[in-house]
Amino acid sequence: MNFLNLIRWKNLLMIALVQLLIKYALLEPFGAQTSLNSAGIFLLIIATTCIAAAGNIINDINDIQTDLINKPDKIIVGHSISLKTAYNLYIVFTSFGVIIGFLLTKLINQSSFFILFVVISALLYVYATQLKRTFLIGNIVISFLVGSSILIVGVFELLPNITALNRATQIVFFKTIFDYGVFAFALTLLREIAKDIEDIDGDYNANMNTLPIVIGRARAKHVLSVLNFFPLGAIILYTILNLYKQPIAVLYFLLLVIGPFIYISVKTFSAKSKKDFHAISNLYKLVMLFGMLSLLLYKYVILN
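Residues numbered from 1 in each chain as written. Predicted model: local features only at pLDDT ≥ 70, side-chain atom pairs only at ≥ 80, totals over all residues. Heavy atoms only, no water.

A. Region of interest: the pattern of salt bridges. Enumeration according to the criterion identifies seven salt bridges in this entry. Residue Arg8 is joined to Asp60 by a salt bridge in which the shortest nitrogen-to-oxygen separation is 2.7 Å. Of the two residues, Arg8 sits in the loop between helix H1 (2-6) and helix H2 (9-27) while Asp60 sits in helix H3 (residues 38-62), which places them 52 residues apart along the sequence. When the shortest N-O distance is used, the salt bridge between Glu192 and Lys195 registers 3.4 Å. Linking Glu192 with Lys195, this pair stays in helix H8 (residues 167-198), spanning three residues, or about one helical turn. Within this structure, Lys23, Glu28 and Glu157 form a network of salt bridges that share partners. (Salt bridge = Lys/Arg side-chain N within 4 Å of Asp/Glu carboxyl O. Helix = DSSP H or I, 4+ residues; strand = E, 2+ residues; numbered from the N terminus.)

So this is what it looks like as structure tokens:
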């Protein structure tokens, strides 16, 4: 169980689930011209989750000092798993993910796509060792990487098969995937800020320059409160403009995405303790999950 917690197995499952939903709930049912068969999407999921697992491991390795203060009861590296073992696991997962990614690019005759796996792996390492200590840059980078785990499905599935005849249709599918990537980016950015506020004590002792350390916990909370309204407003606008004729879809978004998001916004205003911001962080993850599960609605929305 310690190993599963080290690689953040729940987060990896979410990545795999979203990639499968994009493939089998969005692209396949509506006849998109795709590049990957079932084996191909399986390889993409393995490559992506392995690289993500490696990123989680190297992040824990570099967070030992801050975790001693922020979450001493949840420390894995150096306790149940040795530092040497953790480094070896990082190397194994990174190598396996990049190799699988290379084989996948050969499978679809797009060797240039291999650079994506290398760049993502490198960014995860740089984030864990340097960028997460910098003001907002680390938050933006990790949010971008989360969004890229969604966008990469569109890159591999759609781009190789774009022709003059299907360009318009392929671009519509790609824009839809891009929208979900932006949603994941926005929710992750908000969640990272909430986590920084939650972990301010340990981060301060580690000489990190996170948003709450630079401008103060109270001001950071106000910034987070304001930022909440941008994705919330975008989701409400999307629901009004695109789903108003679909009562089931509207109800889904109201109950499982918009409603919880409004609750988060209200709770952020009154949040004070470490426990409050931990709960807010978990709520962001829940909203992201339900947002991604809305991919299951596409067949109903489009065909009706």
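B. Expanded view of the environment of Lys106. As for its position among the elements, Lys106 is in helix H5 (residues 83-107). Looking at Lys106, its side chain comes within polar contact range of the side chain of Ser111, at 3.3 Å. (Polar contact = N/O pair within 3.5 Å; in protein donor to acceptor, adjacent residues only side chain to side chain.)

C. Representation of helix H7 (residues 137-157). Helix length check: H7, at 21 residues, gives a terminal C-alpha distance of 30 Å against a target of 30 Å (1.5 Å per residue), a fit within 8%. Along H7, the helix axis deviates most sharply at Ile150, where the bend reaches about 40°. Summarising burial for H7: 16 of the 21 residues are buried, a large majority. (Expected span 1.5 Å × (residues − 1). Bend = angle between axes of the 7 residues up to and from the residue. Buried < 20%, exposed > 50% of the residue type's maximum accessible area, 1.4 Å probe, protein only.)

D. Structural view of the confidence of the model for the protein. Residues at a pLDDT of 70 or more form 98% of the protein, whose mean pLDDT is 92. The element-level mean pLDDT for the protein is lowest in helix H14 (residues 298-303), coming to 67, with H7 highest at 96. (pLDDT = per-residue confidence, 0-100.)

E. Spatial organisation of helix H6 (residues 114-129). With 16 residues, H6 ought to run about 22 Å at 1.5 Å a step, and its terminal C-alpha atoms sit 23 Å apart, in line with that. For H6, the full list of buried residues reads Phe117, Ile120, Ser121, Leu124, Tyr127 and Ala128. Considered in projection along H6, the buried side chains sweep an arc of 130° and stay on one side of the axis. (Arc of directions from axis to C-beta.)

F. Here's a closer look at the packing of H8 against helix H11 (residues 217-242). At a minimum axis distance of 10 Å, the contact between H8 and H11 shows a crossing angle of 165°. In terms of their interaxial angle, H8 and H11 are classed as roughly antiparallel. Regarding H8 and H11, the two cross each other, and that crossing is left-handed. Residues Phe183, Ala186, Leu190, Ile193, Ala194 and Ile197 of H8 lie in contact with H11, whose contacting residues are Arg217, Ala220, Lys221, Leu224, Leu227, Asn228, Pro231 and Ile235. In terms of residue class, the contact of H8 with H11 is built from eleven nonpolar, one polar and two charged. (Axes fitted to C-alpha atoms, helices over the stretch in contact; angles between N-to-C directions. Parallel < 35°, antiparallel > 145°, perpendicular 65-115°, else oblique. Left-handed = near helix turned anticlockwise from the far one by under 90°. Contact = heavy atoms within 4.5 Å. Nonpolar A, V, L, I, M, F, W, Y, C, P; charged D, E, K, R; others polar.)

G. Inspection of the packing of H8 against helix H13 (residues 274-293) at higher detail. It is at 8 Å that the axes of H8 and H13 come closest, and there the two elements cross at 170°. The angle between H8 and H13 falls in the class roughly antiparallel. Note on element contacts: H13 touches H8 through Lys274, Phe277, His278, Ile280, Ser281, Tyr284, Lys285, Val287, Met288, Gly291 and Met292, opposite Tyr180, Phe183, Ala184, Leu187, Thr188, Leu190, Arg191, Ala194, Lys195, Ile197 and Glu198. Of the residues belonging to the contact of H8 with H13, the class tally is 13 nonpolar, four polar and five charged.

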